[in-house]
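Coordinate inspection notes
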Amino acid sequence: MTVRHNWRLQEAQALFDKPFMDLLFEAQQVHRQYHNPNEVQVSTLLSIKTGACPEDCKYCPQSARYNTGVQRERLLEIQKVLEAAKAAKASGSTRFCMGAAWRNPKKGDMPYLQQLVREVKGMGMETCMTLGMLSKDQADSLAEAGLDYYNHNVDTSSDFYEEVITTRTYQDRLDTLENVREAGMKVCSGGIIGLGESAENRAKMLTELANLPTHPQSVPINRLVKCEGTPYQANEEVDDFDFIRVIAVARIMMPQSMVRLSAGRESMNEQMQALCFMAGANSIFYGCKLLTTPNPEESSDQKLFRKLNISPAKSAYQYDEETTSDMELSLGLNERAASKPKKKISDIPIAVYRP
Ligand code: SF4
């Protein structure tokens, strides 16, 4: 499979229409061309500013427009973020993502954000942020601080977008992605399944992502977590096999990207997650909570990795010599790590995300 940027909607639809086993087989073949099939990259996501977002994304409990019980929280102190990053690293995460519920960062936020990037990166982790829309200058200053990835999901297809969000346009999304790309950072952009979109909308969203000037290096595929108080609290459940199909088609159309099994993983049993890995997912969020929605407990992820003989992928940066991840130790996958004394970090408070 070559890397293409000229996908037609009909081709994407034809992939979705394949018999399930044929699709899974093709996706796994493509996956093996570009990735280690027994390795999954692990990221941790921390909410550095929760709630009171002025945007109206109909799926989001952090929008100030819906009565969801999520309380507004101030920006987390730098020290608290660093403690959470340290704990995440010790738990096996190689990438630390920091999210703020903003329409866009303000000028005065930039020095704080730059310092976070420098400090987390200095710990030997890859850094990612998701802060809403970015101007060209803001993207440049985050890149200058060393930010590796910027997450900005397209959420759904361009023709369904205004059903989901009215406070910004699909083009606004694309403009931010362009600013991120131009600044030299890696793009993390994917979507959410379960918003009420049609099969055609799903195929179109993947076509639009795959036809960007470069494929997003990371493509999160989220399953809607239905949050009480949001307009989508009673949406129809997404069929498990339909969800797996989205992963498989994303893998085939963007063969080099990391396809991330993202929000909604808590509702998936082990067998479904294994099928998602088979379909080409090779990245997960690991941690107690994903922003404000539940995420499987660390220990259950470790158990699943052990059952499937999956290794957590290494960071682009070397682990430092002092810290060994709990996941490496518990899986017994790293002999050198297992022979080293484990650094005690139990006194580090892990950040608590609001439900
Ligand atoms: S998804 Fe992001 S931009 Fe939309 S309401 Fe939630 S926090 Fe705000």
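Residues numbered from 1 in each chain as written. Predicted model: local features only at pLDDT ≥ 70, side-chain atom pairs only at ≥ 80, totals over all residues. Heavy atoms only, no water.

1. Regarding the overall build of the protein chain
The secondary structure content of the protein chain amounts to 13 helices and 12 strands. Taking all 355 residues of the protein chain together, 58% fall into the buried category. Long-range contacts, defined as pairs at least 24 residues apart, comprise 74% of the intrachain contacts of the protein chain with a sequence gap of at least 6. Per element, the accessible surface of the protein chain, about 15,100 Å² overall, is 49% carbon and sulfur. (Helix = DSSP H or I, 4+ residues; strand = E, 2+ residues; numbered from the N terminus. Buried < 20%, exposed > 50% of the residue type's maximum accessible area, 1.4 Å probe, protein only. Contact = heavy atoms within 4.5 Å. Areas by Shrake-Rupley, 256 points an atom, 1.4 Å probe, with all protein chains shown as cover.)

2. Section: the pattern of salt bridges
Between side chains of opposite charge, a pair can form when the charged atoms approach closely. All told, the structure shown has 15 salt bridges when counted by the stated rule. Among the salt bridges present, the one from K18 reaches E26, with a minimum N-O distance of 2.6 Å. If you follow the salt bridges from partner to partner, you end up with E55, R103, D155 and R168 in one network. (Salt bridge = Lys/Arg side-chain N within 4 Å of Asp/Glu carboxyl O.)

3. A look at the pairing of strand β9 (residues 281–285)
Residues in a regular strand point their side chains to alternate faces of the sheet. Taken across its 5 residues, β9 has 5 buried, putting it largely inside the fold. In terms of strand pairing, strand β1 (residues 39–49) meets β9 through 3 bridges, oriented parallel. Along β9, the bridge assignment pairs Q41 with S283. Bridge count between strand β8 (residues 258–261) and β9: 3 bridges; the pairing is parallel. (Pairing = 2+ DSSP bridges.)

4. Brief notes about the packing of aromatic side chains
According to the stated counting rule, one finds 3 aromatic pairs in the structure shown. Ring geometry for F20 against F241: centres 5.2 Å apart, planes inclined by 85 degrees, an arrangement best described as edge-to-face. Of the two residues, F20 is situated in helix α2 (residues 20–34) and F241 in helix α9 (residues 240–253); the sequence distance between them amounts to 221 residues. Exposure remark for F20: the relative accessible area of 13% places this residue in the buried category. Given the relative accessible area of 44%, F241 is considered partly exposed. With a centroid separation of 5.5 Å and 75 degrees between ring planes, the pair formed by Y161 and Y170 is classed as edge-to-face. This pair shows no difference in class: Y161 is buried, exactly as Y170 is. The lysine or arginine in question, R95, covers the ring of Y149, its NZ or CZ lying 3.8 Å from the ring centre. The ring of F243 has R223 lying over it, and the distance from NZ or CZ to the ring centre is 5.8 Å. (Phe/Tyr/Trp six-rings, centres within 6.5 Å; stacked < 30°, edge-to-face > 60°. Lys NZ or Arg CZ within 6 Å of the ring centre and 35° of its normal.)

5. Focus on helix α3 (residues 78–90)
End to end, α3 covers 18 Å across 13 residues, agreeing with the expected 18 Å (1.5 Å per residue, within 8%). Listed in full, the buried residues belonging to α3 are I78, V81, L82, A84, A85, A87, A88, K89 and A90. (Expected span 1.5 Å × (residues − 1).)

6. Considering the pairing of β8
Side chains of β8 alternate between two faces, with M258 and R260 and V259 and L261 buried alike. Pairing analysis gives 4 bridges linking strand β7 (residues 218–223) to β8, with the strands arranged parallel. Bridge pairing links I221 to L261 in β8. At this point the chain moves from β7, through α9, to the parallel β8, and the crossover so formed is right-handed. (Right-handed = clockwise from strand over helix to strand, strands pointing away.)

7. A look at the state of the cysteines
A complete count under the given rule lists 0 disulfides for this structure. The thiol sulfur of C227 is not disulfide-bonded, and the nearest other cysteine sulfur, from C60, lies at 7.6 Å. (Disulfide = S-S within 2.5 Å.)

8. Notes on unusual backbone geometry
Backbone geometry at A52 places phi at a positive 60 degrees, although glycine is not the residue there. Along the polypeptide, A52 turns up in the loop between β1 and α3. Backbone geometry at D155 places phi at a positive 75 degrees, although glycine is not the residue there. By secondary structure assignment, the location of D155 is in the loop between β4 (149–151) and α6 (161–164). In this structure D155 comes out as buried when scored by relative accessible area, which is 2%.

9. Some thoughts on helix α4 (residues 110–122)
With 13 residues, α4 ought to run about 18 Å at 1.5 Å a step, and its terminal C-alpha atoms sit 18 Å apart, in line with that. Of the surrounding elements, those touching the buried residues of α4 are β1, α3, β2 (95–100), β3 (126–130) and α5 (136–145). Downstream of α4 by a residue or two, G124 has a phi angle that is positive, lying close to 90 degrees.

10. A word on the confidence of the model for the protein chain
Mean pLDDT over the protein chain stands at 84; residues scoring 70 or higher make up 85%. Here helix α13 (residues 335–339) stands out as the least confident element of the protein chain, with mean pLDDT 39; helix α1 (residues 9–16) is the most confident, with 98. (pLDDT = per-residue confidence, 0-100.)

11. What to know about the environment of Q28
If you trace the backbone, Q28 turns up in helix α2. For Q28, a relative accessible area of 8% translates into the label buried. For the pair Q28 and G280, spaced 252 residues apart in sequence, the C-alpha separation works out to 6.0 Å. Q28 has contacts with P37, F277 and M278, leaving out every residue within four places of it along the chain.

12. Details of the packing of α9 against helix α10 (residues 270–278)
Between α9 and α10, the shortest axis-to-axis distance is 9 Å and the interhelical angle comes to 25 degrees. Classified by the angle their axes make, α9 and α10 are roughly parallel. Of the two elements, α9 crosses α10, and the hand of that crossing is right-handed. Residue-level contacts link D240, F241, F243, I244 and I247 of α9 to M272, L275 and C276 of α10. Considered class by class, the residues forming the contact of α9 with α10 number 7 nonpolar, no polar and 1 charged. (Axes fitted to C-alpha atoms, helices over the stretch in contact; angles between N-to-C directions. Parallel < 35°, antiparallel > 145°, perpendicular 65-115°, else oblique. Left-handed = near helix turned anticlockwise from the far one by under 90°. Nonpolar A, V, L, I, M, F, W, Y, C, P; charged D, E, K, R; others polar.)

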